[in-house]
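What the coordinates show
Each chain, written out:
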Amino acid sequence: MEKIDFNCIFCAIAAQRAPAAIVYESDGALAFLDIRPVAQGHTLVIPKKHSRNLFDLDDLSGMAVMHASRVVARALRAAFNADGLTMLQSSERAGGQEVFHYHQHLAPRFIGDGLMSSEPGERRMHWRARTSPSREELQAIAAKIRAHIKDD
Ligand code: AMP
Ligand code: ZN
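Residues numbered from 1 in each chain as written. Chains lettered and ligands numbered in written order. Predicted model: local features only at pLDDT ≥ 70, side-chain atom pairs only at ≥ 80, totals over all residues. Heavy atoms only, no water.

1. A look at the environment of Ala107
With respect to the secondary-structure elements, Ala107 resides in strand E5 (residues 104–109). C-alpha of Ala107 to C-alpha of Trp127: the two residues are 20 residues apart in sequence and 10.0 Å apart in space. Contact partners of Ala107, with chain neighbours within four places excluded, come to Val38, Gly84, Leu85, Thr86, Leu115 and Trp127. (Helix = DSSP H or I, 4+ residues; strand = E, 2+ residues; numbered from the N terminus. Contact = heavy atoms within 4.5 Å.)

2. With respect to the site of ligand 1
Among the 16 residues in the neighbourhood of ligand 1, the closest are listed as Asp34, Glu98, His103, His105 and Arg130. Considering ligand 1 on its own, with 510 Å² of exposed area, one finds that the protein chains cover 88% of that surface. Of the pockets mapped on this structure, ligand 1 occupies the largest pocket. Of all the secondary-structure elements, those providing two or more residues to the shell around ligand 1 are helix H1 (9–14) and strand E2 (29–33). Considering each element in turn, the shell around ligand 1 owes the most residues, three residues, to H1. Considered class by class, the residues forming the shell around ligand 1 number eight nonpolar, four polar and four charged. (Near = heavy atom within 4 Å. Areas by Shrake-Rupley, 256 points an atom, 1.4 Å probe, with all protein chains shown as cover. 1 Å grid on protein atoms, 1.4 Å probe; cavity = no way out; pocket = protein on both sides within 12 Å on 5 of 7 lines; lining within 4 Å. Sits in = over half its atoms within 2 Å of the grid points. Nonpolar A, V, L, I, M, F, W, Y, C, P; charged D, E, K, R; others polar.)

3. Observations regarding the layout of surface pockets
A water-sized probe, rolled over the atoms, reveals where empty space remains. Here the largest pocket is characterised by a volume of approximately 720 Å³. Taken together, 28 residues make up the lining of the largest pocket; nearest its centre are Asp34, Glu98, His103, His105 and Arg130. Of all the secondary-structure elements, those providing two or more residues to the lining of the largest pocket are H1, E2 and helix H3 (135–146). The biggest single contributor to the lining of the largest pocket is H1, with three residues. In the lining of the largest pocket, the residues fall into 16 nonpolar, seven polar and five charged. (Points joined across faces, edges and corners; volume = space filled by probe spheres on them.)

4. Remarks on the coordination of the zinc ion (ligand 2)
Looking at the metal site, the zinc ion (ligand 2) is ligated by Cys8 (SG), Cys11 (SG), His50 (ND1) and His101 (ND1), spaced 2.0 to 2.3 Å from it. Relative to the metal, the four donor atoms surrounding the zinc ion (ligand 2) lie at angles of 104 to 118 degrees, and the coordination shape comes out tetrahedral. Linear spacing of the donor residues for the zinc ion (ligand 2) on their chain is C-x2-C-x38-H-x50-H. Remark: His101 occurs in the loop between strand E4 (84–88) and E5 and Cys8 occurs in the segment before H1; sequence separation between them is 93 residues. (Donors = N, O, S within 2.8 Å, 3.2 Å for Na, K, Ca; no water. Tetrahedral: all angles 85-135°; square planar, octahedral: opposite > 155°, others 65-115°.)

5. Some thoughts on the sheet that holds strand E3 (residues 43–47)
Across the sheet, which stays open at both edges, the five strands sit in the order E1-E2-E3-E5-E4 with antiparallel pairing between neighbours. Of all strands in the sheet, those with a lone pairing partner are strand E1 (22–25) and E4, marking the two edges. Ignoring strand direction, the axes of neighbouring strands in this sheet form an average angle of 20 degrees. Sheet topology note: the E1/E2 ladder contains three bridges and is antiparallel. Directly across from Tyr24, in E2, lies its bridge partner Ala31. Across the sheet, helix H2 (residues 59–80) lies against E1, E2, E3, E4 and E5, angled at about 20 degrees from E5, the strand it touches most. (Pairing = 2+ DSSP bridges. Axes fitted to C-alpha atoms, helices over the stretch in contact; angles between N-to-C directions.)

The following block contains the structure:
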């Protein structure tokens with residue numbers, strides 16, 4: 001890995017220096033469960049190489065992250081029988097970013113789940129309340145998703 005910054009929690013996860021419930025890994029990207037999920041299977045996809053956000057993401061990392069997101073999206077749909085999925089990326093504080101290593105959120109969606117309402121007059125941009133599962137629960141969910149990964 002070219003650039004390792006252990007002040008960055010997601011760099012530490014990518015270097016296996018911090019715990020994570022890993023769903024998928026490739027040469028350039030890593031997918032793991034969000035510790036405060038908005039839905040079961042809420043996954044974060046990161047480039048292994050540190051980028052702060054979309055403003056400085058390099059093309060190779062972007063390709064790796066997009067490939068990983070597509071593979072994980074299909075696995076999430078299969079694992080949870082989801083009707084759809086929302087992918088979210090926040091850049092800078094003004095955009096809602098809290099962790100400053102590029103990441104894409106993938107959340108399985110179900111008809112009528114109300115997670116991000118698109119009802120007229122109620123265009124919420126924010127997720128519904130989050131949960132705080134244990135590390136063991138997250139590992140069990142990650143194993144369920146990994147069983148549906150098909151990297152093609
Ligand atoms: P954002 O607002 O897009 O920067 O979201 C950051 C996300 O990272 C939040 O949903 C957090 O719950 C999640 N998060 C923070 N620390 C960790 C961690 N150590 N492992 C997994 N997810 C994390
Ligand atoms: Zn980083």
